[in-house]
Amino acid sequence: MGGGVGLSMHAAFRVATESTVFAMPETKIGFFPDVGATFFLPRLDGQTGVYLGLTGRLLKGRDLLYAGIATHYVPTERLPLLEQRLQGVGTSDYEIVNAAIEEFVAQPEDAPIEYSLAGVRECIDRCFQFSTMEEIVEALRAEAKSAVSEHAHWAQETLATLEQLSPSSLKLTLDQLRRGQQRRIQGAFELELRLAERRLGSHDMHEGIEALLVRKSNDPKWDPPSLDQVDAVRLNDYYFNIPTNYTPWFVDPSANFDEYPHKFGLPTERDVRALVTGANPQAGDFGMSAAGVLQFFDRECASKIGVHQKVAWILARKTRALPDSDVLQW
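Here we summarise the structure given alongside this text.

Basis of the calculations
- Residues numbered from 1 in each chain as written.
- Predicted model: local features only at pLDDT ≥ 70, side-chain atom pairs only at ≥ 80, totals over all residues.
- Heavy atoms only, no water.
- Helix = DSSP H or I, 4+ residues; strand = E, 2+ residues; numbered from the N terminus.
- Contact = heavy atoms within 4.5 Å.
- Phe/Tyr/Trp six-rings, centres within 6.5 Å; stacked < 30°, edge-to-face > 60°.
- Buried < 20%, exposed > 50% of the residue type's maximum accessible area, 1.4 Å probe, protein only.
- 1 Å grid on protein atoms, 1.4 Å probe; cavity = no way out; pocket = protein on both sides within 12 Å on 5 of 7 lines; lining within 4 Å.
- Points joined across faces, edges and corners; volume = space filled by probe spheres on them.
- Nonpolar A, V, L, I, M, F, W, Y, C, P; charged D, E, K, R; others polar.
- Core = buried A, V, L, I, M, F, W, Y, C linked by side-chain atoms within 4.5 Å.

1. Points about the environment of Leu-328
Link 1 in the chain: If you trace the backbone, Leu-328 turns up in strand E6 (residues 328-329).
Link 2 in the chain: Other than its neighbours up to four places away in sequence, Leu-328 contacts Val-276, Met-288, Ser-289, Ala-290, Val-293, Leu-315, Thr-319, Arg-320 and Ala-321.

2. Concerning the packing of aromatic side chains
Link 1 in the chain: Scanning all chains against the criterion turns up 13 aromatic pairs.
Link 2 in the chain: Judged by centre distance (4.4 Å) and plane angle (35°), the rings of Phe-31 and Phe-32 are tilted.
Link 3 in the chain: Given the relative accessible area of 7%, Phe-31 is considered buried.
Link 4 in the chain: The buried category is assigned to Phe-32, whose relative accessible area is 0%.
Link 5 in the chain: Plain terms: the ring middles of Phe-39 and Tyr-260 are 5.1 Å apart, the flat faces sit at 80° to each other, and that makes the pair edge-to-face.

3. Here's the deal with the layout of surface pockets
Link 1 in the chain: What the largest pocket holds in volume is close to 850 Å³.
Link 2 in the chain: Together, 37 residues line the largest pocket, and Lys-263, Phe-264, Gly-265, Leu-266 and Asp-271 are the ones closest to its centre.
Link 3 in the chain: Looking at the lining of the largest pocket, the elements with two or more residues in it are helix H6 (94-102), helix H14 (269-276) and helix H15 (290-300).
Link 4 in the chain: At 4 residues, H6 tops the list of elements feeding residues into the lining of the largest pocket.
Link 5 in the chain: Split by residue class, the lining of the largest pocket holds 16 nonpolar, 9 polar and 12 charged.
Link 6 in the chain: Lining the second largest pocket are 19 residues, with Leu-44, Asp-45, Gly-46, Glu-269 and Arg-270 positioned closest to its centre.
Link 7 in the chain: Taken together, the residues that form the lining of the second largest pocket break down as 5 nonpolar, 5 polar and 9 charged.

4. Thoughts on the nonpolar core
Link 1 in the chain: In this structure, Leu-54, Ile-69, Phe-128, Met-133, Leu-140, Trp-154 and Val-293 are the most contacted members of the largest nonpolar core, which totals 64 residues.
Link 2 in the chain: Per-element tally for this core: the top contributor is helix H8 (residues 133-145), with 6 residues.
Link 3 in the chain: Residues within four places of Trp-154 in sequence aside, it is in contact with Tyr-51, Arg-57, Val-120, Cys-123, Ile-124, Cys-127, Phe-128 and Leu-140.
Link 4 in the chain: By size, the runner-up hydrophobic cluster in this structure holds 12 residues, among which are Phe-32, Ala-196, Val-230 and Phe-240.

Laid out in structure tokens, this is it:
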């Protein structure tokens, strides 16, 4: 959670167990998701990262695998054996290390994807696609009031959560994550340093920490107290445009990437879309049928456990077969 995510999220291998809990709850204390969240949250499937960054929603266990936060899911009881196996690998070759971890992952049942966000993902993408908090709140309210929406209760709970959080932090975080989509990893960390320099002196961060950790009353008095009272233009200038006093840090250019260089997790929606739309030149002779797509990812991921469940779930949500054909259309 929070800083703990920064110690793990950027690693090539991220192993979750049934007791693993993930959250970025910084908006609850008037701050913003840092430790590289500017880079990794916008790169999660759809609007999942924006939803998690704004609300601080908890994800547990296998959720982390399907969300793209963890690369592997291993039951706790197998960790001692996994440690022993890794100690005996005798190489730093990532492919060999990955194969060693895969020996201990949990075999999923032949059942639909076990992902707590599966049922609301379309609603998350629909409500959190906007560039302002006001539009997001309006979309959630429309969902909550809809007589035909099966997600009305989820929308009501999400609205209740957002109403408890720092309005200025919410607007700042949304802007931060939208910018993060276009930043390389060095630029993402530089942006966070700039934002932190400004935010550490804010009323809301001091108030949020005091209410949660000192008074333990969990009743922060935000200033401004509502979204409509946060001046978006002023906030944008203060955090993103006015020069700051920090000195940017620089990394080896080869480490300043647009996407993480190692992909040992499950396929993402972008991966599946690239194949279905023909943007992936490695598709070869697999064809664009559902069976062909599944075969392709089974091969590419070396039959990684969980691939079939996630890819089948993505295809069911995002594609349809052309008339009188098994060829998929995104």
